[in-house]
Amino acid sequence: MLCMDLDEVFKALADASRRSLLDRLHASNGQTLNELCGGLAMTRQAVTKHLAILEAANLVTTFRKGREKLHYLNPVPIHQIGERWIRKFERGKLTALSELKRQLEKRDE
Amino acid sequence: MSKPEFVYVTYIETTPEKLWEALTVGDFTERYWFGLRISSDWEAGSPYIFTRHGAISLEGNVLVSEPCTRLVYTWIPLSPETKHERISRVTFDLEPRGKVIKLIVTHDHLDEGGETRRDISDGWPMVLASLKSFLETGHALEIDPPCAVTREAAYA
């Protein structure tokens, strides 16, 4: 069951439009569909479809407030991925590598 | 009614009884919740406290206690950075879904732009991922406490 969960999370994250919806919820949590559609170059239909995939992966949760359905960012599965795929392979080394990358890129500027 | 600031959901392969114990018994919270021990008699209206290394980190009052179904408590951080903020509220809803329990954690009444709001947005996803791992595998996640936890313990 754990593996199936993570499959859905990886699939849901493998799309730039869906990641941008998560970014929008991170900036402002608890938005309606209308709010989420505002200023996006996506149709309402596309946003609805992407939200359904994010909800199925448990990356987005919803809360009913009166007639409104509010969408919330749910980063819990991302922490499970972090533990399974990052922590396990030694976070220390990764930090060292990203620091090296940062230093090298700084030198290019 | 204002909208809640955070709504977190996790699905855990366990029983409502075990999940309730994991949320309310200090011996369990200590193992998956940044080393914090919770204690209370879990009667509505009673106080509860979280301690870490014997010092109080967080306190509040039990608002609703329906074993294995629903737990609501106030959340009063004690550090100097947060004590001017209003008292917020945490709700745990346990909903059985076949072999798993859907745990919904709602945190509301948080100050806009407050320290607590920032701290808990880091903390809850870690705690809930760790709780799920603890109940399903017997091992909590190796998570570092957010600085708020160590800071509050130091000032309490």
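Residues numbered from 1 in each chain as written. Chains lettered and ligands numbered in written order. Predicted model: local features only at pLDDT ≥ 70, side-chain atom pairs only at ≥ 80, totals over all residues. Heavy atoms only, no water.

**Q** Hey, could you run me through the overall build of chain B in this one?
**A** Along its length, chain B carries four helices and seven strands. In terms of overall size, chain B behaves like a compact globule, its C-alpha atoms giving a radius of gyration of 15 Å where 156 residues would be expected to give roughly 15 Å. The principal-axis extent of the C-alpha atoms belonging to chain B is close to 45 × 35 × 30 Å. Taking all 156 residues of chain B together, the buried fraction comes to 52%. Summarising the internal contacts of chain B: among those between residues at least 6 apart in sequence, 49% fall at separations of at least 24. (Helix = DSSP H or I, 4+ residues; strand = E, 2+ residues; numbered from the N terminus. Rg over C-alpha atoms; globule rule 2.2 N^0.38 Å. Buried < 20%, exposed > 50% of the residue type's maximum accessible area, 1.4 Å probe, protein only. Contact = heavy atoms within 4.5 Å.)

**Q** Would you explain the interface of chain B and chain A in this entry?
**A** Interfaces are often sized by the accessible area lost when the parts come together. Of the residues lining the interface, 24 residues belong to chain B; the matching set on chain A comes to 19 residues. When chain B packs against chain A, close to 1900 Å² is buried across both sides, 61% of that on carbon and sulfur atoms. At the surface where chain B touches chain A, the tally comes to zero salt bridges. At the junction of chain B with chain A, the criterion picks out seven residue pairs in polar contact (both at pLDDT 80 or more). Looking at the side of chain B that touches chain A, the elements that each hand over two or more residues are β1 (6–12), β7 (100–108) and α3 (115–137) of chain B. (Buried area = accessible area lost by both parts, 1.4 Å probe. Salt bridge = Lys/Arg side-chain N within 4 Å of Asp/Glu carboxyl O. Polar contact = N/O pair within 3.5 Å; in protein donor to acceptor, adjacent residues only side chain to side chain.)

**Q** How do you make sense of the sheet that holds β1 of chain B when you look at a structure like this?
**A** Strands pair in a sheet through their backbones, by hydrogen bonds, and they do so in one of two ways: parallel or antiparallel. All names here are of chain B. Read from one edge of the open sheet, seven strands run β1-β7-β6-β5-β4-β3-β2, paired in antiparallel fashion. Either end of the sheet is taken by a strand with one partner, and the two such strands are β1 and β2 (37–40). Going across the sheet, the axis of each strand differs from the next one's by a mean of 25 degrees, ignoring polarity. Relative to β7, β1 is paired through seven bridges, and the arrangement is antiparallel. Within the sheet, the bridge partner assigned to Phe6 lies in β7 and is His107. Where helix α1 (residues 16–24) meets the sheet, its contacts fall on β1, β2, β4 (55–66), β5 (70–77), β6 (88–97) and β7, and the angle it forms with β6 comes to roughly 160 degrees. Where α3 meets the sheet, it contacts β1, β5, β6 and β7, and its direction lies at approximately 10 degrees from that of β1. (Pairing = 2+ DSSP bridges. Axes fitted to C-alpha atoms, helices over the stretch in contact; angles between N-to-C directions.)

**Q** What's the story with the nonpolar core in this structure? I'm lost.
**A** Where a protein is soluble and globular, its nonpolar side chains tend to be buried together. If you look at the biggest cluster of nonpolar residues, it comprises 39 residues, and the most contacted ones within it are Trp33, Tyr73, Trp75, Phe92, Leu103 and Trp124 of chain B. Among the elements of the structure, β1, α1, β3 (47–52), β4, β5, β6, β7 and α3 of chain B are those that each provide at least two residues to this core. Every residue in contact with Trp33 of chain B, bar those within four places of it in the chain, is listed here: Phe50, Tyr73, Trp75, Phe92, Trp124 and Val127 of chain B. Formed by 18 residues, the second largest nonpolar core is a distinct cluster that contains Leu6, Ala12, Leu33 and Leu73 of chain A. (Core = buried A, V, L, I, M, F, W, Y, C linked by side-chain atoms within 4.5 Å.)

**Q** Help me understand the side chain of Glu5 of chain B in this model?
**A** Structurally, the position occupied by Glu5 of chain B is in the segment before β1. As a buried residue without a salt bridge, Glu5 of chain B has its nearest oppositely charged side chain in Arg86 of chain B, at a separation of 4.3 Å. At a separation of 3.4 Å, a polar atom in the side chain of Glu5 of chain B contacts the main-chain amide nitrogen of Leu110 of chain B. Not counting the four nearest positions on each side in its chain, Glu5 of chain B is found in contact with Asn29 and Tyr72 of chain A together with Arg86, His107, Asp108, His109, Leu110 and Arg117 of chain B. (Lys, Arg positive; Asp, Glu negative; His and termini not counted.)

**Q** Is there a simple way to think about the environment of Gln80 of chain A in this case?
**A** Mapping Gln80 of chain A onto the fold places it in helix α5 (residues 76–85). Between the C-alpha atoms of Gln80 of chain A and Asp23 of chain A, which are 57 residues apart in sequence, the distance is 19 Å.

**Q** Explain the pairing of strand β2 (residues 68–73) of chain A here, please?
**A** Here is the key point about a regular strand: its side chains alternate between the two faces of the sheet. All names here are of chain A. Judged from the six bridges that link them, strand β1 (residues 60–65) and β2 form a sheet pairing that is antiparallel. Its bridge partner lying in β2, Val60 is registered against Leu73. What sits between the antiparallel neighbours β1 and β2 is a turn of two residues, in which Gly66 has the positive phi angle 60 degrees.

**Q** What should I look at first to understand the pattern of salt bridges in this one?
**A** A side chain of one charge can pair with a side chain of the opposite charge when the charged atoms of the two come close. Residue and element names in this part refer to chain B. On inspection of all chains with the given rule, the structure shows ten salt bridges over all chains. Close ionic contact of Glu115 with Arg118 constitutes a salt bridge, the shortest N to O distance being 3.2 Å. Residue Glu115 and its partner Arg118 are located together in helix α3, separated by three residues, close to a single helical turn. For Glu115, a relative accessible area of 24% translates into the label partly exposed. Connected via shared salt-bridge partners are Asp27, Glu30 and Arg37.

From the geometry alone we can't say anything about function, so treat these as descriptive.
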